[in-house]
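These are the residues of each chain, in order.
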Amino acid sequence: MSEQNLELPAVARNINLPCKKCGVDRYFVVVAHLTPSSAKVKCEVCGANKTYKLPKVQVRKKVSFGKAAPKKVDAGQLWIDLKTQIGTDKVHPYNMKIKFAIAQVINHPKFGIGFITSATPEKVEVAFQDCGRSLVHNRP
Ligand SMILES: [Zn+2]
């Protein structure tokens, strides 16, 4: 997951923000940029100062099948994305004798619920909640 910063409004520009003192949304004038993502702003009506921080926009990556599950980094997020996209209505108990396919859900006795993100005739890459793992399958 990556984060993208929006740009601060320019100094002397007006932005609409809730004013605690006025109790309603007011126009605040941008007085100064404090950091690349925060600015000092002043209520045009009551003169109250506050710090305006840019909201961080999260860019959600689409999960693409066929790619190996990332190890450790973002494994939890990938797992949640896969759970949302695939669901856990149909969970297969993991067994190395069974042949699994991409996007199937397995329940591993040790690692728990996992989503298959890629498959070769011998191995499957499985995204578990803590990390991605390679498991053997299709071994009758
Ligand atoms: Zn105010």
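As the structure is a computational prediction, the values presented were derived from the model and not from experiment.

**Q** Any chance you could break down the overall build of the chain for me, citing the residues and the numbers?
**A** From N to C terminus, the chain includes one helix and 11 strands. In the chain, the succession of α and β elements from N to C terminus is β-β-β-β-β-β-α-β-β-β-β-β. The buried share among the 140 residues of the chain stands at 30%. Counting contacts in the chain only where the partners sit at least 6 residues apart, residues at least 24 apart contribute 36% of the total. When the accessible surface of the chain is split by element, carbon and sulfur atoms take 52% of a total near 9,100 Å².

**Q** Help me get a handle on the packing of aromatic side chains, residues and values and all.
**A** One pass over the structure, following the stated rule, counts three aromatic pairs. Between the aromatic rings of Trp79 and Phe115, the centroid separation amounts to 5.9 Å while the plane-to-plane angle is 65°, which identifies the pairing as edge-to-face. You can see Trp79 sitting in helix H1 (residues 75-86) and its partner Phe115 sitting in strand S9 (residues 112-119), a full 36 residues away along the chain. The exposure classification of Trp79 matches that of Phe115, with both residues buried. Seen in terms of ring centroids, Tyr94 and Phe100 are 6.0 Å apart; in terms of plane orientation they differ by 20°. Their pairing is stacked. The same class applies to Tyr94 and to Phe100, which are both buried. Its end group placed over the ring of Phe28, Lys50 keeps NZ or CZ at 5.3 Å from the ring centre. Above the face of the Phe111 ring, Arg133 is positioned so that its terminal group lies 3.7 Å from the ring centre.

**Q** Explain the coordination of the zinc ion to me, using residue names and the numbers behind them.
**A** Here the zinc ion is held by the protein donor atoms Cys19 (SG), Cys22 (SG), Cys43 (SG) and Cys46 (SG), which lie 2.2 to 2.4 Å from it. Coordination at the zinc ion is tetrahedral: its four donor atoms span angles of 104 to 116° at the metal. Binding-site remark: the zinc ion is held by donors from one chain whose sequence spacing is C-x2-C-x20-C-x2-C. In this pair, Cys19 is assigned in the loop between strand S2 (14-18) and strand S3 (25-35) and Cys46 in the loop between strand S4 (38-43) and strand S5 (49-53), connecting sequence segments 27 residues apart. For Cys19, a relative accessible area of 4% gives the class buried.

Reading guide: rules and limits
- Residues numbered from 1 in each chain as written.
- Predicted model: local features only at pLDDT ≥ 70, side-chain atom pairs only at ≥ 80, totals over all residues.
- Heavy atoms only, no water.
- Helix = DSSP H or I, 4+ residues; strand = E, 2+ residues; numbered from the N terminus.
- Buried < 20%, exposed > 50% of the residue type's maximum accessible area, 1.4 Å probe, protein only.
- Contact = heavy atoms within 4.5 Å.
- Areas by Shrake-Rupley, 256 points an atom, 1.4 Å probe, with all protein chains shown as cover.
- Phe/Tyr/Trp six-rings, centres within 6.5 Å; stacked < 30°, edge-to-face > 60°.
- Lys NZ or Arg CZ within 6 Å of the ring centre and 35° of its normal.
- Donors = N, O, S within 2.8 Å, 3.2 Å for Na, K, Ca; no water.
- Tetrahedral: all angles 85-135°; square planar, octahedral: opposite > 155°, others 65-115°.

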